[in-house]
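# Fold and contact review
Below are the chains, spelled out letter by letter.
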2 protein chains.
Amino acid sequence: MSLRYALLAILRVGPQSGYELQKQFSLSVGHVWHAPDSQIYPELRKMAAEGLVETEDQTRGERGMRRLYHVTAAGDRAFIDWMNGPLDYQRFRDPAHLRAAYLESAEPAAARAFLHAHIAHWEGELAQFEGELSHIDALSNPMLVRRLESTPADEREATIEYKRFAYEGLADRARGEIAWARRGLALVDRLSEAAS
Amino acid sequence: MSLRYALLAILRVGPQSGYELQKQFSLSVGHVWHAPDSQIYPELRKMAAEGLVETEDQTRGERGMRRLYHVTAAGDRAFIDWMNGPLDYQRFRDPAHLRAAYLESAEPAAARAFLHAHIAHWEGELAQFEGELSHIDALSNPMLVRRLESTPADEREATIEYKRFAYEGLADRARGEIAWARRGLALVDRLSEAAS
DNA sequence: CTCATCATGTAAGGAGTTACATGATTGG
DNA sequence: CCAATCATGTAACTCCTTACATGATGAG
């Protein structure tokens, strides 16, 4: 149910089309929340039906069209309410830790491949998080700049600091996963030496 | 799709009924994977239809019944193949970090409440992970003991060490989340002082 | 004219949640 | 006899994924 709040968070900065939102979701915002176009378009329609957003249809060339979505007062209210309310945590469900708990059932080579893939996966994520952090510091993220323009001067620091805070948390998590998998590799080595 | 592998992992230790599996999912194994009964019963039926498990019906008292599930050779093969194959990572989707990135939109009190709730949530998880770790060390986890009984002596160390490894990773993650939220609380304090 | 990009969607299905629904057995 | 626990499910719904489907515009 957080998809609509992710959409509202972006749309509150300024009206955008489904297509633009989808681009955001595969780039910057996609680091904290991902959604494919096939999920975005129907959700926007539902939100429009519920009065959280309003559409503005624009023509593009002769026959092309583009539908911009604006956040309504009700949408703004819904976002603020969500921000101020309790967050529900999903149940724990992690394929990597499930597999790790039974890793003696895998060949040592497969166990190593799994851990190397885990490291590669989180190194990729880490690179994106760190890239985002340097964009924040350099004020070179276009979304953030646009957001700051529509933010009162005395709230700009908070906007930047909380964005940093979120991405630092993500980077820390990625580093933790990498360190864990490295310890796992050492463990596989130790156990397969012991067995031989 | 990992649910069935979680079920196979448990059933490989010994045959169990849907009810017993559901108990496991709300206790020990539930730390790495959770599933409600309404998902377990249908999945077991599907797995039986695909030949991964076999049923053994038992009577309980006069009219009661109990259906035990055994892993078949095909089920064992499927589990081993899953363990040796690549793992697919889900896209990132984290309501807590989404909210953190826009925390300036929340009242300072609500921001603090969110972070305190985050700490409380992960402290609860951490306590469970640490409890599990001490059960592993004391060999007082009944599932693990049962698993070790059906494990050749030379693989017992690996079974224990990988289980430790998985839970240490989970505990580290919980500690990271707690540390992150504490830094968030300090940030809220700093920013609300600056504003006043 | 062709290709990348802009633009909008539908359909089918898997995974997970919440609520509903029923009944037997065992221990106190 | 009553409550806790054992035991098995169905139904409706949301969320998400993957694949399918179409067409316009602008740059080279």
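Residues numbered from 1 in each chain as written. Chains lettered and ligands numbered in written order. Predicted model: local features only at pLDDT ≥ 70, side-chain atom pairs only at ≥ 80, totals over all residues. Heavy atoms only, no water.

In terms of regular secondary structure, chain A is built from eight helices and three strands. Shown N-terminal to C-terminal, the secondary structure of chain A runs as helices and strands in the order α-β-α-α-β-β-α-α-α-α-α. A compact globule built from 196 residues should have a C-alpha radius of gyration of about 16 Å, whereas chain A, at 21 Å, is more than 25% larger. Over its C-alpha atoms, taken along the principal directions, chain A stretches across nearly 70 × 40 × 40 Å. Evaluated residue by residue, chain A yields a buried proportion of 51% over its 196 residues. When contacts within chain A are restricted to residue pairs at least 6 apart in sequence, those whose partners lie at least 24 apart make up 60%. For chain A, the exposed surface amounts to about 9,400 Å²; the carbon and sulfur share of it is 51%. One finds the centroid of the 24 positive side-chain charges in chain A at a distance of 4 Å from the centroid of its 29 negative side-chain charges. (Helix = DSSP H or I, 4+ residues; strand = E, 2+ residues; numbered from the N terminus. Rg over C-alpha atoms; globule rule 2.2 N^0.38 Å. Buried < 20%, exposed > 50% of the residue type's maximum accessible area, 1.4 Å probe, protein only. Contact = heavy atoms within 4.5 Å. Areas by Shrake-Rupley, 256 points an atom, 1.4 Å probe, with all protein chains shown as cover. Lys, Arg positive; Asp, Glu negative; His and termini not counted. Charge placed at Lys NZ, Arg CZ, Asp CG, Glu CD.)

Let us now look at the protein's contact with DNA strand C. Close to DNA strand C lie 21 residues, the nearest being Y19, R45 and R67 of chain A together with S38 and E62 of chain B. By atom count, sugar and phosphate contribute 76% of the portion of DNA strand C lying within 4 Å of the protein. Within the contact set of DNA strand C, a phosphate oxygen lies 3.1 Å away from a side-chain nitrogen or oxygen of Y41 of chain A. In the environment of DNA strand C, a phosphate oxygen lies 3.1 Å from a nitrogen or oxygen atom belonging to the side chain of R66 of chain A. Secondary-structure elements contributing two or more residues to the surface near DNA strand C are helix 2 (18-26), helix 3 (37-49) and strand 3 (64-71) of chain A together with helix 3 (37-49) of chain B. Tallied by class, the residues present in the surface near DNA strand C amount to six nonpolar, seven polar and eight charged. (Near = heavy atom within 4 Å. Polar contact = N/O pair within 3.5 Å; in protein donor to acceptor, adjacent residues only side chain to side chain. Nonpolar A, V, L, I, M, F, W, Y, C, P; charged D, E, K, R; others polar.)

Strand pairing in a sheet relies on backbone hydrogen bonds. The paired strands run either parallel or antiparallel. All names here are of chain B. Taken together, the three strands give an open sheet; going across it, the order is 1-3-2, and neighbouring strands pair in antiparallel fashion. Whereas interior strands pair on both sides, the edge strands pair on one side only; in this sheet they are strand 1 (16-17) and strand 2 (53-60). As paired strands, strand 1 and strand 3 (residues 64-71) are joined by two bridges and run antiparallel to one another. Its bridge partner being in strand 3, Q16 is matched across the sheet by Y69. Strand contacts of helix 1 (residues 3-11): strand 1, strand 2 and strand 3, with the helix running at about 95° to strand 3, the strand carrying the most contacts. (Pairing = 2+ DSSP bridges. Axes fitted to C-alpha atoms, helices over the stretch in contact; angles between N-to-C directions.)

Turning next to the domain arrangement of chain A. Residue and element names in this part refer to chain A. By the assigned domains, chain A splits into domain 1 (3-84) and domain 2 (95-195). Taking only C-alpha atoms, the centre of domain 1 and the centre of domain 2 are 27 Å apart. Facing the nine residues of domain 1 at the interface are ten residues of domain 2. Roughly 810 Å² is buried in total at the junction of domain 1 and domain 2, and carbon and sulfur atoms are behind 60% of that figure. When the area that domain 1 buries against domain 2 is broken down by residue, the three leading residues are V13, S28 and H31, summing to 68%. Between domain 1 and domain 2 we count zero salt bridges in total. (Domains from an automatic or database assignment. Buried area = accessible area lost by both parts, 1.4 Å probe. Salt bridge = Lys/Arg side-chain N within 4 Å of Asp/Glu carboxyl O.)

Right, let's get into the sheet that holds strand 2 (residues 53-60) of chain A. Residues and elements named next belong to chain A. Within the open sheet, the three strands sit side by side as 1-3-2. Their pairing is antiparallel. Looking along the sheet, the strands with just one partner apiece sit at the ends: strand 1 (16-17) and strand 2. Each of strand 1, strand 2 and strand 3 touches helix 1 (residues 3-11); the most contacted strand, strand 3, lies at about 95° to it.

What follows is about the protein's contact with DNA strand D. Close contacts around DNA strand D come from 23 residues, with M1, S38 and E62 of chain A together with R45 and R93 of chain B the closest. Looking at DNA strand D alone, sugar and phosphate atoms form 73% of those within 4 Å of the protein. Within the side chain of S38 of chain A, an N or O atom sits 2.6 Å from a base oxygen of DNA strand D. Within the contact set of DNA strand D, a phosphate oxygen lies 2.8 Å away from a backbone nitrogen or oxygen of R63 of chain A. Elements represented by at least two residues in the surface near DNA strand D include exactly helix 3 of chain A together with helix 2 (18-26), helix 3 and strand 3 of chain B. When grouped by side-chain class, the residues that make up the surface near DNA strand D number six nonpolar, seven polar and ten charged.

What follows deals with helix 2 of chain A. All names here are of chain A. Every buried residue belonging to helix 2 is among G18, L21, Q22, Q24 and F25, and all of these are buried. Buried residues in helix 2, looked at end-on, bunch into an arc of 155°, giving them a common side. Next to the buried residues of helix 2 lie helix 1, strand 1, helix 3, strand 3 and helix 7 (142-149). (Arc of directions from axis to C-beta.)

Moving on, we get to the relation of the copies chain B and chain A. Turning chain B through 180° and shifting it by 0.0 Å along the axis lays it on chain A, with an RMSD of 0.0 Å. Interpreted geometrically, this transformation is the action of a two-fold axis. Considering only C-alpha atoms, the residue of chain B closest to the rotation axis is R173 of chain B, which sits at 3.5 Å. With an isologous cut-off of 70% or more, the 99% of interface residues of chain B that recur at the interface of chain A puts this contact in the isologous class. (Least-squares fit on C-alpha atoms with pLDDT ≥ 70 in both.)

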